[in-house]
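Here is how the chains run, residue by residue.
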Amino acid sequence: MPHQFIETIKLSDGRVFHLEYHQERVCNTFLRFFPNQKVLLLSDIIEKVTLPTQGKHKIRIVYGSERPSVEVLPYQVKPIATIKCVEADFLDYSYKFLDRTFLNTLKESAGSDEVIFVKNGKVTDSSYANLVFFDGTEWVTPTTFLLNGTCRQRLLSERKIKERIIHATDIPSFTHIGLINAMIGLGELCLPLDRIFIDE
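As the structure is a computational prediction, the values presented were derived from the model and not from experiment. (Residues numbered from 1 in each chain as written. Predicted model: local features only at pLDDT ≥ 70, side-chain atom pairs only at ≥ 80, totals over all residues. Heavy atoms only, no water.)

### As for the layout of surface pockets
If you add up the space inside the largest pocket, you get close to 820 Å³. When residues of the lining of the largest pocket are traced back to their parent elements, those giving at least two are strand 1 (5–12), helix 1 (19–33), strand 3 (56–63), helix 3 (101–110) and helix 4 (150–157). Classifying every residue of the lining of the largest pocket by side-chain character gives 18 nonpolar, 10 polar and 11 charged. Here the second largest pocket is characterised by a volume of approximately 280 Å³. What lines the second largest pocket is Lys 38, Val 39, Leu 40, Leu 41, Asp 44, Ile 45, Lys 48, Arg 67, Pro 68 and Val 70. For the lining of the second largest pocket, the residue count by class is 6 nonpolar, no polar and 4 charged. (1 Å grid on protein atoms, 1.4 Å probe; cavity = no way out; pocket = protein on both sides within 12 Å on 5 of 7 lines; lining within 4 Å. Points joined across faces, edges and corners; volume = space filled by probe spheres on them. Helix = DSSP H or I, 4+ residues; strand = E, 2+ residues; numbered from the N terminus. Nonpolar A, V, L, I, M, F, W, Y, C, P; charged D, E, K, R; others polar.)

### Remarks on the pattern of salt bridges
With the rule as written, the count across this model stands at 10 salt bridges. The partner of Arg 152 in a salt bridge is Glu 163, with the nearest N and O atoms 2.7 Å apart. Of this pair, Arg 152 sits in helix 4 while Glu 163 is found in strand 10 (residues 162–164), placing the two residues 11 residues apart along the sequence. Glu 158 is the salt-bridge partner of Arg 154, the closest N and O atoms lying 3.5 Å from each other. (Salt bridge = Lys/Arg side-chain N within 4 Å of Asp/Glu carboxyl O.)

### Here we look at the nonpolar core
Grouped together as the largest cluster of nonpolar side chains are 26 residues, with contacts concentrated most on Leu 40, Ile 61, Leu 91 and Phe 117. For this core, the secondary structure elements donating two or more residues are strand 1, helix 1, helix 2 (42–47), strand 3, helix 3 and strand 6 (114–119). Dropping the residues within four chain positions of it, Leu 40 is found in contact with Gln 23, Val 26, Phe 30, Ile 45, Tyr 63 and Pro 68. Core analysis: the second largest hydrophobic core is formed by 22 residues, Ile 83, Ile 116, Ile 177 and Leu 189 among them. (Core = buried A, V, L, I, M, F, W, Y, C linked by side-chain atoms within 4.5 Å. Buried < 20%, exposed > 50% of the residue type's maximum accessible area, 1.4 Å probe, protein only. Contact = heavy atoms within 4.5 Å.)

### Considerations on helix 4
Regarding helix 4, the residues found buried are Thr 150, Cys 151, Arg 152, Arg 154 and Leu 155. The inward-facing, buried residues of helix 4 abut helix 1, strand 8 (130–134), strand 9 (139–142), strand 10 and strand 11 (176–180). One or two positions beyond helix 4, positive phi appears at Arg 159, with a value near 60°.

### Examining the packing of aromatic side chains
The relation between two aromatic rings is expressed through the spacing of the ring centres and the mutual angle of the planes. Counted under the stated rule, the structure contains 12 aromatic pairs. Summarising the aromatic geometry, the rings of Phe 33 and Phe 97 are spaced 5.7 Å apart at their centres and angled 80° between planes, so their arrangement reads as edge-to-face. Of this pair, Phe 33 sits in helix 1 while Phe 97 sits in the loop between strand 5 (83–87) and helix 3, and the two are 64 residues apart along the sequence. Each member of the pair, Phe 33 as well as Phe 97, carries the same accessibility label: buried. Ring centres of Phe 134 and Trp 139 lie 5.1 Å apart, and the angle between their planes is 45°; this geometry places the pair in the tilted category. You can call Phe 134 partly exposed: its relative accessible area is 22%. Accessibility expressed as a relative area gives 16% for Trp 139, which makes it buried. Chaining the aromatic ring pairs together yields one cluster made of Phe 5, Phe 30, Phe 33, Phe 34, Tyr 63, Tyr 93, Tyr 95, Phe 97 and Phe 102. (Phe/Tyr/Trp six-rings, centres within 6.5 Å; stacked < 30°, edge-to-face > 60°.)

Take a look at the structure:
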């Protein structure tokens, strides 16, 4: 089956957020997987959809070599009470594939609300977001990410977060963990590590 990819774009009160970052990722994906095809223009797709003017929604675009599909769905952040590390030395998710079965299977096997994937002893991402850690002074994000997310890239360019190698053994030295993605900004899902982290 041909590869399929997904872009999830934030829509809040009728405003589409950070489309240029998503378009850049689509361009890179086409360059790698569909070099002989015309690059999909996200703005053209979104233009043809009636968008809600109130509330927070996600614009979900699935694309590949065939015609793209688009959905607009209400969005709420899922609460997290527990998070733990999962060894995932073999994981490769450098492009935003639609098929996330392997990520979800690993998460389900952990028995916690969310996971921190650890690759060769280093922190990468959670099952659906990049990670940031607060050390009491600043927010840092692992250099060893699985997917270089659009929110991560933007926050780095805005100098709101910094990159650092973070080993799994470093986690207890931080006070808080944050999950960030296109739908969740810095500080929106910020959790105290001493309450939620399961260190096994």
